[in-house]
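# Structural description and commentary
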Amino acid sequence: MLIAFEGFPFQEGGVCAAKGFQANGVHCGLRKASDAPDLALVASDEPCAAAAVYTTNKVKGAPIAVTKAHIASGTVQAVIVNSGNANTCNIDGEEKAEEMCRLAARALGLNITDVAVASTGVIGEILPIEPIASAVPALAKGLSVAGHDQAARAIMTTDTVKKEVAVSFLLDGKTVTVGGMAKGSGMIHPNMATMLCFLTTDAAIEQPLLQLALSAVVKDTFNMVSVDGDTSTNDTVLLMASGKAGNPAIADIDSPAYKAFVNALYVVLMNLSRMIAKDGEGASKLLECTVTGAENEQAAKTVAKSVITSSLFKCAMFGKDPNWGRILCAVGYAPANLNPDEVSVSLSSTGGTICVCENGRGVPVDKEKAAAVLLPDEIKILISLGDGEGRAVAWGCDLTYDYVKINADYHT
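A brief report on the enclosed structure follows.

Calculation rules
- Per-chain numbering applies: the sequence of each chain, read as written, is numbered from 1 onward.
- The predicted origin of the model limits local features to residues at a pLDDT of at least 70 and limits the giving and counting of side-chain atom pairs to 80 or more, whereas totals for whole chains, interfaces and linings rest on all residues.
- Hydrogens are left out, water is left out, and the side-chain values use all remaining heavy atoms of the structure.
- Only DSSP runs of H or I reaching four residues or more are called helices, and only runs of E reaching two or more are called strands; each is numbered from the N terminus.
- Computation of the radius of gyration draws on C-alpha atoms, with the globule rule given as 2.2 Å multiplied by the number of residues to the power 0.38.
- Only protein chains enter the area calculation, which uses a 1.4 Å probe; residues under 20% of their type maximum are buried, those over 50% are exposed, and those in between are partly exposed.
- Pairs of residues are marked as contacts when any of their non-hydrogen atoms sit within 4.5 Å.
- Throughout, the Shrake-Rupley method with a 1.4 Å probe supplies accessible areas, and for residues the shown protein chains are the sole cover considered.
- Counted as positive: Lys and Arg. Counted as negative: Asp and Glu, with His and the chain ends omitted from the count.
- Throughout, a charge is located at the NZ atom of Lys, the CZ atom of Arg, the CG atom of Asp or the CD atom of Glu.
- Here an axis means a line fitted to C-alpha atoms, over the contact stretch when the element is a helix, while the angle between two N-to-C directions is reported on a 0 to 180 degree scale.
- The labels follow the angle: roughly parallel below 35 degrees, roughly antiparallel above 145, roughly perpendicular from 65 to 115, and oblique for the rest.
- Take the far helix as your reference; a near helix turned counterclockwise from it by less than a right angle gives a left-handed crossing, and one turned clockwise gives a right-handed crossing.
- When residues are grouped by polarity, Ala, Val, Leu, Ile, Met, Phe, Trp, Tyr, Cys and Pro land in nonpolar, Asp, Glu, Lys and Arg in charged, and all others, Gly among them, in polar.
- The criterion is simple. A nonpolar core is a set of buried Ala, Val, Leu, Ile, Met, Phe, Trp, Tyr and Cys residues joined through side-chain atoms within 4.5 Å.
- One requirement defines pairing of two strands: DSSP has to find at least two bridges between them.
- The salt bridge definition used is simple: a Lys or Arg side-chain nitrogen within 4 Å of an Asp or Glu carboxyl oxygen.
- Polar contacts, as used here, are pairs of N or O atoms within 3.5 Å; protein pairs need one atom able to donate a hydrogen and one able to accept it. Residues neighboring in sequence count only if both atoms are side-chain atoms.
- Pairing of aromatic rings covers Phe, Tyr and the six-membered ring of Trp, with a centre-to-centre limit of 6.5 Å; geometry is then stacked below 30 degrees between planes, edge-to-face above 60, and tilted otherwise.
- How far a helix is expected to stretch is found by multiplying one less than its residue total by 1.5 Å.

## Focus: the overall build of the protein chain
- Each helix and strand counted, the protein chain has eleven helices and 14 strands in total.
- Relative to its length of 412 residues, the protein chain is compact, with a C-alpha radius of gyration of 22 Å against a globular reference of 22 Å.
- If you line up the protein chain on its principal axes, its C-alpha atoms span 70 × 55 × 35 Å.
- Per-residue burial for the protein chain yields a buried fraction of 57% across its 412 residues.
- Looking at the protein chain alone, contacts between residues at least 24 apart form 80% of all its contacts between residues at least 6 apart.
- Carbon and sulfur atoms make up 53% of the accessible area of the protein chain, which amounts to about 16,400 Å² in all.
- Of the side-chain charges in the protein chain, 32 are positive and 44 negative, and the distance between the mean point of each set is 2 Å.

The structure is reproduced here in structure tokens:
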């Protein structure tokens, strides 16, 4: 379920909702076990201001090095993405990533440095460039504003659903749109970015502020998602701004225009974060942990992450077990300053709300009501640490039998 905010209505179109962008996705054969699209292209009519955030894993996919180099100037006009092969830990990885950019640039009539690149899939396998080279002409020719759906499907790996969000808002009398698509189901863990995400906007905004906005919002969204405790090697979030909305360029960090843009970006990334957590490999429930009353925001974030990454807690949610002791345990070993005697916990869903712990102690729980609360596929964990000002939200999922099945034969 998408979470709406007043003043930021949802729009159709994903990465093509903003003015000036087209996309497409085709099957080139990298995913041999499926005829689903596995090669995507997103392109702008004109050069865009560009910003990006990448994985914190020391082992990084070759596309990251190439994309970093290509957007160093602060602009980019297109991004080509493949699924089925991560192009990571390969001796010819950067060469292949550069070639992907060269192929896309040739088809679009651009310079190679105008193109960013990303890959996702199996790590350590040589990326065959021939299927990509054969498919790029048709991929580019088929670009359209309706191509967002195929593009979103082409970047999926173990994802079970495509992930797209777009919103619009008024800025100085102009309608501005922010949209995006993401993939992510496994190897999802803070910090940044734990997935691939491609964002577009028609806002006119100076590149340094674009980067500042993206980095700030990622900290409160993608950095607060965990599925399995594994941070991937290829994680990339790329944001392109075409400026075609016609608003006066956002140039002041203290301006209402900048704050409105940040809020719009938050709505998009927050909803994509929820989609990724809910679609965690084998997951049956989205878990949203809200921590309040912490001494500061960082403490709240630390505790929220600790809870949604606890394997014991995740298993309890799969089993519909209101085992609040596992929540308190995760709160207690979080590296944050808190008083256990001030901790209270409630569980909430469309099935109702139950308090399971007050002031660090258990309270009587109606088992039938608890079962009703934990039955739906979205569960909220509400934790109060006291009367501090710190607040944070983190998203995760339950841990099921299917997670092991999926990852036991992911390669084979």
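Anyway, onward from the coordinates.
## What to know about the packing of helix α5 (residues 207-220) against helix α6 (residues 256-278)
- At a closest axis distance of 10 Å, the pairing of α5 and α6 adopts a crossing angle of 45 degrees. The angle between α5 and α6 falls in the class oblique. Handedness of the crossing formed by α5 with α6: right-handed. On the side of α5, the interface is formed by Leu209, Leu210, Leu212, Ala213, Leu214, Val217, Val218 and Asp220, while α6 contributes Tyr258, Phe261, Val262, Leu265, Tyr266 and Leu269.
- Among the residues making up the contact of α5 with α6, the classes are represented as 13 nonpolar, no polar and one charged.

## As for the nonpolar core
- In this structure, Leu199, Leu214, Phe261, Leu265 and Ile383 are the most contacted members of the largest nonpolar core, which totals 80 residues.
- If one sorts the elements of this core by residue count, α6 sits on top with 14 residues.
- Look past the residues within four positions of phenylalanine 261 in its chain and what remains in contact with it is Phe169, Val178, Thr201, Ala203, Ile205, Leu210, Ala213, Leu239 and Ile250.
- If you look at the next biggest cluster of nonpolar residues, it comprises 27 residues, including Cys16, Ala18, Ala23 and Ala40.

## Side note on the pairing of strand β8 (residues 236-241)
- In terms of burial, β8 is largely enclosed, as six of its six residues are buried.
- Burial along β8 is two-sided: Thr236, Leu238 and Met240 facing one way and Val237, Leu239 and Ala241 facing the other are all buried.
- Alignment of strand β2 (residues 39-54) against β8, held across six bridges, turns out to be antiparallel. By the bridge assignment for β8, alanine 52 is matched with leucine 238.
- Note that strand β7 (residues 196-201) and β8 share six bridges and pair parallel. Bridge pairing links threonine 200 to methionine 240 in β8.

## Overview of the pattern of salt bridges
- Scanning the model with the defined rule gives 16 salt bridges in all.
- In this structure, the salt-bridge partner of arginine 274 is glutamate 288, at a minimum N-O distance of 2.9 Å. You can see arginine 274 sitting in helix α6 and its partner glutamate 288 sitting in strand β9 (residues 286-294), a full 14 residues away along the chain.
- Taking the relative accessible area as the measure of exposure, arginine 274 reaches 5% and is therefore buried.
- Among the ionic contacts, a cluster of salt bridges with common partners joins Arg274, Lys278, Glu288, Asp377 and Glu378.

## A short note on the side chain of histidine 148
- You can see histidine 148 is positioned in helix α4 (residues 148-154).
- Among the residues examined, histidine 148 registers a relative accessible area of 15% and is labelled buried.
- Engagement of the side chain of histidine 148 in a polar contact is seen with the side chain of glutamate 164, the distance being 2.7 Å.
- If sequence neighbours within four positions are ignored, histidine 148 has contacts with Gly13, Gly14, Val15, Cys16, Ala23 and Glu164.

## Some words on the pairing of β2
- When you tally the buried positions in β2, you get 13 out of 16 residues, the bulk of the element.
- When β2 meets strand β3 (residues 75-85), the two strands line up antiparallel, connected through seven bridges. Across the sheet, the residue bridging to cysteine 48 is valine 76, located in β3.

## So, helix α1 (residues 62-70)
- Among the residues making up α1, those that are buried are Ala62, Pro63, Ile64, Val66, Thr67 and His70.
- For α1, the secondary structure elements touched by its buried residues are β2, β3, α2 (93-108), β4 (115-122) and β8.

## So, the packing of aromatic side chains
- By the definition in use, this model includes two aromatic pairs.
- Both rings, one in phenylalanine 5 and one in tyrosine 266, keep their centres 6.2 Å apart while their planes meet at 85 degrees; by these two values the pair is edge-to-face. In this pair, phenylalanine 5 is assigned in the segment before β1 (21-26) and tyrosine 266 in helix α6, connecting sequence segments 261 residues apart.
- Ring plane angle 45 degrees and centroid distance 5.6 Å describe the contact between phenylalanine 8 and phenylalanine 169, whose orientation is recorded as tilted. Within this pair, whereas phenylalanine 8 is found in the segment before β1, its partner phenylalanine 169 is found in strand β5 (residues 163-171), the two being separated by 161 residues in sequence.

## A look at helix α7 (residues 297-308)
- Across its twelve residues, α7 extends 17 Å between first and last C-alpha, which sits within 8% of the 16 Å expected from 1.5 Å per residue.
- Of all twelve residues that make up α7, ten are buried, and the element is covered over most of its length.
- Taken together, the buried positions of α7 are Ala299, Ala300, Lys301, Thr302, Val303, Ala304, Lys305, Ser306, Val307 and Ile308.
- On its buried side, α7 packs onto α5, β9, α8 (311-318), α9 (324-333), β13 (378-384) and β14 (390-397).
- With a side-chain oxygen positioned 3.3 Å from the backbone nitrogen of glutamine 298, the residue opening α7 is asparagine 296.

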